[in-house]
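The residues making up each chain are set out below.
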Amino acid sequence: MSCKPEHIAIIMDGNGRWAAAHGEPRAVGHRTGVKTATKTFIACHDRGIAHLTLYAFSFANWRRPQEEIDLLMALCQQFVEDNQAQFIERSVRLQVIGDLEELPTATRRAIEAGVDATKNGESMTLTLALGYGGRNDLVGAVRAIAARAQAGLLLPEEIDETSLRSFLTTDALPDPDLVIRTGGEKRLSDFLIFESAYAELFFAELMWPAFDETVLDEAIAAYERRERRYGRTGAQVAASA
Ligand code: FPP
């Protein structure tokens, strides 16, 4: 296989451990992590990746100390505001997935303004997962489906993969082809659990602030070497190539 991934999704893990290893407070790890996020969206854009999704703040992250939550919210806002001109210049469309209701008003407004200002971007979509949890997203979709069914607007037999997807906050995105996780852990942590069913997974030992173009290229090259069979045999895949 030699096609580059259309959609890369990244679990940016390891800010805290990177900071500890450098004798710095966790905040320094997160600040450096934001710089890495900026470099990464530029690197993906330069490589013609059509969709990049970054797991910036998970539903489970609401359990962190309030001080750290406040910092992460402020950094999300800063990321969007500081990069807005560059998003527009590069024709990058900013999007968000997740439950934005719980975000502080200033963060939510800044993000909504960024989404609106970049809505005509055509060369890449950059999606921030904020207050996002895959299970939570599925529960929201099931509730919406149940409400429509109860109102007589949807029959059980009309519910299929396509209609279920239309109620997820990821509806506008194609499934990720490649999910990258830094920080050495090998799990999805509730990130795009439905959408990643056939994604290739790439786990990097290094911490997120240390992620760079070399590792990105390694991940893309590993993806390109893998054979995606979607349940078929290798011979079937070869025959249809
Ligand atoms: C995991 O590191 C990272 C996060 C919880 C948040 C990721 C957020 C950023 C990189 C900053 C915001 C980014 C954008 C694009 C706005 P950790 O704190 O769990 O690290 P640890 O596992 O080493 O403690």
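Everything below is about the structure shown above.
Residues numbered from 1 in each chain as written. Predicted model: local features only at pLDDT ≥ 70, side-chain atom pairs only at ≥ 80, totals over all residues. Heavy atoms only, no water.

Caption draft 1: Just the site of the ligand, in detail. Taken together, 17 residues lie near the ligand, and M12, G16, R17, R26 and R64 sit nearest. Within the contact set of the ligand, an oxygen atom lies 3.2 Å away from a backbone nitrogen or oxygen of N15. G16 places a polar main-chain atom, nitrogen or oxygen, 3.0 Å from an oxygen atom of the ligand. Alone, the ligand offers 620 Å² of accessible surface; in the complex the protein occludes 92% of this. When atom positions are compared with the pocket grids, the ligand is found to occupy the largest pocket. Going through the elements one at a time, α1 (15-21), α2 (26-46) and α3 (66-89) are the ones with two or more residues in the shell around the ligand. In terms of residues, the shell around the ligand owes the most to one element, α2, which gives five residues. In terms of residue class, the shell around the ligand is made up of seven nonpolar, six polar and four charged. (Near = heavy atom within 4 Å. Polar contact = N/O pair within 3.5 Å; in protein donor to acceptor, adjacent residues only side chain to side chain. Areas by Shrake-Rupley, 256 points an atom, 1.4 Å probe, with all protein chains shown as cover. 1 Å grid on protein atoms, 1.4 Å probe; cavity = no way out; pocket = protein on both sides within 12 Å on 5 of 7 lines; lining within 4 Å. Sits in = over half its atoms within 2 Å of the grid points. Helix = DSSP H or I, 4+ residues; strand = E, 2+ residues; numbered from the N terminus. Nonpolar A, V, L, I, M, F, W, Y, C, P; charged D, E, K, R; others polar.)

Caption draft 2: Seen up close, the layout of surface pockets. In this structure, the largest pocket spans a volume of roughly 770 Å³. In terms of lining, the largest pocket is formed by 34 residues, of which the most central are M12, Y55, A56, N61 and R64. Looking at the lining of the largest pocket, the elements with two or more residues in it are α1, α2, β2 (51-58) and α3. Of the residues contributing to the lining of the largest pocket, the split by class is 16 nonpolar, nine polar and nine charged. (Points joined across faces, edges and corners; volume = space filled by probe spheres on them.)

Caption draft 3: Up close: the packing of aromatic side chains. Applying the stated rule across the entire model yields seven aromatic pairs. Each ring, one from W208 and one from F211, has its centre 4.9 Å from the other, and the planes form 20 degrees; the classification is stacked. Of the residues examined, F211 reaches a relative accessible area of 5% and is grouped as buried. Cluster of aromatic residues (ring-pair linked, three or more members): F41, F79 and F87. (Phe/Tyr/Trp six-rings, centres within 6.5 Å; stacked < 30°, edge-to-face > 60°. Buried < 20%, exposed > 50% of the residue type's maximum accessible area, 1.4 Å probe, protein only.)

Caption draft 4: Here's a closer look at helix α4 (residues 105-117). With 13 residues, α4 extends 18 Å from end C-alpha to end C-alpha; this agrees with the ideal 18 Å at 1.5 Å per step. Listed as buried for α4 are T107, A110, I111 and G114. Buried residues in α4, looked at end-on, bunch into an arc of 95 degrees, giving them a common side. In this structure, the buried side of α4 is in contact with α3, β3 (92-97) and β4 (124-132). (Expected span 1.5 Å × (residues − 1). Arc of directions from axis to C-beta. Contact = heavy atoms within 4.5 Å.)

Caption draft 5: Main features of the pattern of salt bridges. Applying the stated criterion across every chain, the model contains 14 salt bridges. Residues D13 and R17 are paired through a salt bridge, measuring 3.2 Å at the closest nitrogen-oxygen approach. The salt bridge partner of D46 is R90, with a shortest N-O separation of 2.9 Å. Here D46, found in helix α2, pairs with R90, found in the loop between α3 and β3; they are 44 residues apart in sequence, far enough to count as distant. What you see here is one network of salt bridges that share partners, running through D13, R17 and R181. (Salt bridge = Lys/Arg side-chain N within 4 Å of Asp/Glu carboxyl O.)

Limitation: the analysis is restricted to geometry and does not speak to function.
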